[in-house]
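Fold and geometry: a report
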Amino acid sequence: MSKVTIYTDNNDFILHFQDIKLTNFFIHDKEKGRQLTFEQVGSNKYKIAAIELINLAQQLNSEKLHIYSNNTNEEDESEFFIHEELQVEFSNHAFVDINGYRVTIYISLDKALRFIIDNPPSAKCYFKEVATLITKTADNEFIINTDIITEYVPLQSINAILKNRKNKKEFINTVTINKVSKGNGNEYINNVDFVFSTDNFISLTDEISLNKYETSVMDIWFQFNFEIGPVSSYRFRLPLIPQKTDENWLKYDNDYMMLLKTYPTLGLNNLSIRIIYLKNDVYKHYQTIKQENHFAKHKKSNPKKILLITENDLKAQENGLQFFKYMIKNHSDTFKTYYVISEDSKDIANLMPYKDNIILFKSMEHLKLMLDVDVIAHTHSTNYAYPLVTDYLQSHYNHINKVFIQHGIIGVRNLSKLYGKKYNPTFTNKFIVSSEREKQHVHEILEYDLEEIHITGLARFDQLLQSKSKFKRFSARKRVLIMPTWREQLRDLSNEKFMETTYYKEYQALINDSSFLRLAKQKKLEVNFYLHSNFQKFSPLFHSNFVNVIFEGQYTVQELLQRHGILITDYSSVGLDFALLRRPVLYYQMDATADVEIANSRGFLPGPIFNEKNQLLKYLRKKVRSNKIDASYESFIKDNLYSYSDKKAGERIYNVINSFFDKTKT
């Protein structure tokens, strides 16, 4: 097999070939042709001075220089490529530093031999694949042993990077290669351990959620370090190669264990890690369940059907709470209904009249209950219903009937990656909607079968519509609620950065507008400002002399909608709920977003849209006098928002759930 040895000597680059004959070796420019010829210094040995390469690069105004050659059987000049049969060996450094410049010889992504001036070659040039990957824990460390395949050059070390996807914090650990083996052709098999301690994971988390659902996701990256010289700092994602288990347990402290649950990112199969904290006694019981295979052997003792309801681990305010109350009041004879919530939740107070039906999130009772649960009614992800999510438990969870009772009417957004059947086939068995329009959207966009979609209305509508009367509407006309939704791209900003955004500046200007203040005084208005739960942390940044900033926990969203006569929002789904009360919704859209553009283009919003503050306030003055929704939106509400006008959504949802057991009902 032919071979080329590449090395440097006294500021020269040397190419020494074996079993290959070349008549010429030179630097070639596409526009100017042959420029600089290598000097032949022995049999099949060529050299070129680094200073000559620097001078030529300056003349050509190019950082890259292409190497061309002739072999003995060809007259045509061609760029010199490293073919599969040619062995490559870098015997020392691949670079020369001279006169303040660095010249590096490298093999490009398309396998060409080239020079580059004052820039490192791309790390991608030498990477082939991650061939094997095994995860384990030892001495309270998480260890990933892997074989990384490089081409042409063995690794000296890697930078192993653990990064929190949410807050962008990262830990970097430089680790040496355990062992290098020669692979096929020009391949090197580099065996290396990625090692991260419990403290590394903890240090990257802003707030440890021992009893809550931990939202932090960790990703793992790596960078190359070669003995022959530096390459670009490009970061490679570590892929997830199928493992025997997705569970990697570490000790958090004397009371809690920490699970590092590995899973593949959607579509890309990169390795990601979700952290779950579990009390020691719950952890031990879970291990017993696995070892003794309780799920397969368990026989249910309670004759009643078990229904578990969840919004998320911290919430008991909306559809979940209302349907929970409905089930306790109306169907306790046939269903034992529980609500799962974290012991750290402020909303647990809303459930105190039903103490015997509260299940604390991630508790021993929660884990044991999952053996008996027949149906889960969820407003968000079903993960909030589970004490922990592992591959072992998921195989059981997949057999539990699920009903997605939603947390808002679906408008025009494509939510397929959250709720779509294609992306998440085990998300739910029954999908609750409020209109024929929404049913068709869920069928066409989220790809559920029509028989899986049920027009019932949302459970909270039953309570909401109690405030629909003309008297209640008129008596609330002087209470104005400003309630914009959130922006995902702003969610993780610091307070300082958030205050620089258009979102903050425009709403701060609105609640301090002098003409708004005059209107509020003249008409004796009560004006309240309430941010989406994802933006509640920014509430203290807003100040006004006449607008009250409402904080989460003071009222539920349902209570806020019921007690106000006029709503100002941007494109939040609360506007759709408010319209059911036949009260005016004013859409103030001062920052263009994709969601706004889509909603506007389809005429979906049940209220006038304003881009200017003065126009908004002018229309507000009109609606303070008569806060009935414009007649033009009446038919829109029935056709697009809610097909019913009664207070029987809870009953219809119950019938859907009961259909799992009584096939004669739909």
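The following paragraphs examine the structure supplied in this document.

The rules we used
Numbering of residues starts from 1 in every chain and runs along the sequence as written. For this predicted model, a pLDDT threshold of at least 70 governs which residues receive local features, and a threshold of 80 or more governs which side-chain atom pairs are given and counted, while totals over whole chains, interfaces and linings are taken from all residues. Only hydrogens and water are set aside when side-chain values are computed; all heavy atoms of the structure are taken into account. Here a helix means four or more residues in a row that DSSP labels H or I, a strand means two or more in a row labelled E, and each is numbered from the N terminus. Residue burial is assigned from relative accessible area. The probe radius is 1.4 Å, only protein chains are included, and a residue is buried under 20% of its type maximum, exposed over 50%, and partly exposed in between. In protein, a polar contact means a hydrogen-donor-capable atom and an acceptor-capable atom, both N or O and within 3.5 Å, with residues adjacent in sequence counting only if both atoms are side-chain atoms; elsewhere, any N or O pair within 3.5 Å suffices. By definition, residues are in contact when any of their heavy atoms lie within 4.5 Å. Each patch is assembled from residues with relative accessible area greater than 30% and no salt bridge, linking like charges that lie within 9 Å and nonpolar side chains (Val, Leu, Ile, Met, Phe, Trp, Tyr) that lie within 5 Å. Method for areas: the Shrake-Rupley scheme with a 1.4 Å probe, in which residue coverage is limited to the protein chains shown. One speaks of a salt bridge when a side-chain nitrogen belonging to Lys or Arg is within 4 Å of a carboxyl oxygen belonging to Asp or Glu. His is not counted here, nor are the chain ends, while Lys and Arg score as positive and Asp and Glu score as negative. Note that the charge is assigned to NZ on lysines, CZ on arginines, CG on aspartates and CD on glutamates. Here a cavity denotes a set of grid points, spaced 1 Å apart and computed over the protein atoms alone, in which a 1.4 Å probe fits but from which it cannot get out, and a pocket denotes an open set meeting protein on both sides within 12 Å along at least five of seven lines; residues with an atom within 4 Å of a point are reported as lining. Grid points are joined across faces, edges and corners, and a volume is the space filled by probe spheres set on the points. Note on residue categories: nonpolar means Ala, Val, Leu, Ile, Met, Phe, Trp, Tyr, Cys or Pro, charged means Asp, Glu, Lys or Arg, and polar means any other residue, Gly included. Strands are treated as partners if at least two bridges between them are detected by DSSP.

Relative to the elements of secondary structure, Ser216 occurs in the loop between helix 2 (198–203) and strand 19 (217–225). The buried category is assigned to Ser216, whose relative accessible area is 5%. Polar contacts involving the side chain of Ser216 include one to the side chain of Glu214, which spans 2.8 Å. Excluding residues that lie within four positions of it along the chain, Ser216 makes contacts with Asn164, Thr205, Ile273, Arg274 and Ile275.

A few words on a positive patch on the surface. A contiguous patch of positive charge on the surface is contributed by Arg518, Arg621, Lys622 and Arg625. Of all the elements, helix 18 (residues 613–625) adds the most residues to the positive patch, at three residues. Here Lys622 is to be found in helix 18.

With that settled, consider unusual backbone geometry. Residue Asn10 is not a glycine yet carries a positive backbone phi of 55 degrees. Locating Asn10 in the fold gives a position in the loop between strand 1 (3–9) and strand 2 (12–18). For Asn10, a relative accessible area of 69% translates into the label exposed. Its identity as a non-glycine residue notwithstanding, Arg582 has a phi of 60 degrees, on the positive side. Topologically, Arg582 is positioned in the loop between helix 16 (574–580) and strand 35 (585–588). Taking the relative accessible area as the measure of exposure, Arg582 reaches 17% and is therefore buried.

What follows deals with empty space enclosed by the protein. For the structure shown, the criterion picks out three cavities of 30 Å³ or more. One number sums up the size of the largest cavity: a volume of about 100 Å³. Tyr213, Ile276, Phe361, Pro387 and Leu388 are the residues nearest the centre of the largest cavity, which is lined by 14 residues in total. Its residues placed into classes, the lining of the largest cavity shows nine nonpolar, one polar and four charged. Roughly 50 Å³ of volume is contained in the second largest cavity. In terms of lining residues, the second largest cavity is bounded by Ala94, Phe95, Thr104, Ile105, Pro121, Tyr126, Ile228, Gly229, Pro230 and Val231. Partitioned by chemical class, the residues of the lining of the second largest cavity number eight nonpolar, two polar and no charged.

Throughout the structure, instances matching the rule amount to 26 salt bridges. In this structure, the salt-bridge partner of Glu526 is Arg563, at a minimum N-O distance of 3.2 Å. Residue Glu526 is located in strand 32 (residues 526–530), and its partner Arg563 is located in helix 15 (residues 557–563); the two are separated by 37 residues in the primary sequence. Owing to a relative accessible area of 25%, Arg563 belongs among the partly exposed residues under this scheme. Ionic contacts of the salt-bridge type, sharing partners, join the residues Glu79, Asp110 and Arg114 into one network.

Of all the eight residues making up strand 3 (residues 22–29), six are buried; the element is thus mostly covered by neighbouring parts of the structure. Where strand 3 lies against strand 4 (residues 33–37), four bridges are found, and the strand directions are antiparallel. Counterpart to Asp29 in the pairing with strand 4 is Gly33. Linking two consecutive strands that pair antiparallel, namely strand 3 and strand 4, is a turn of three residues.

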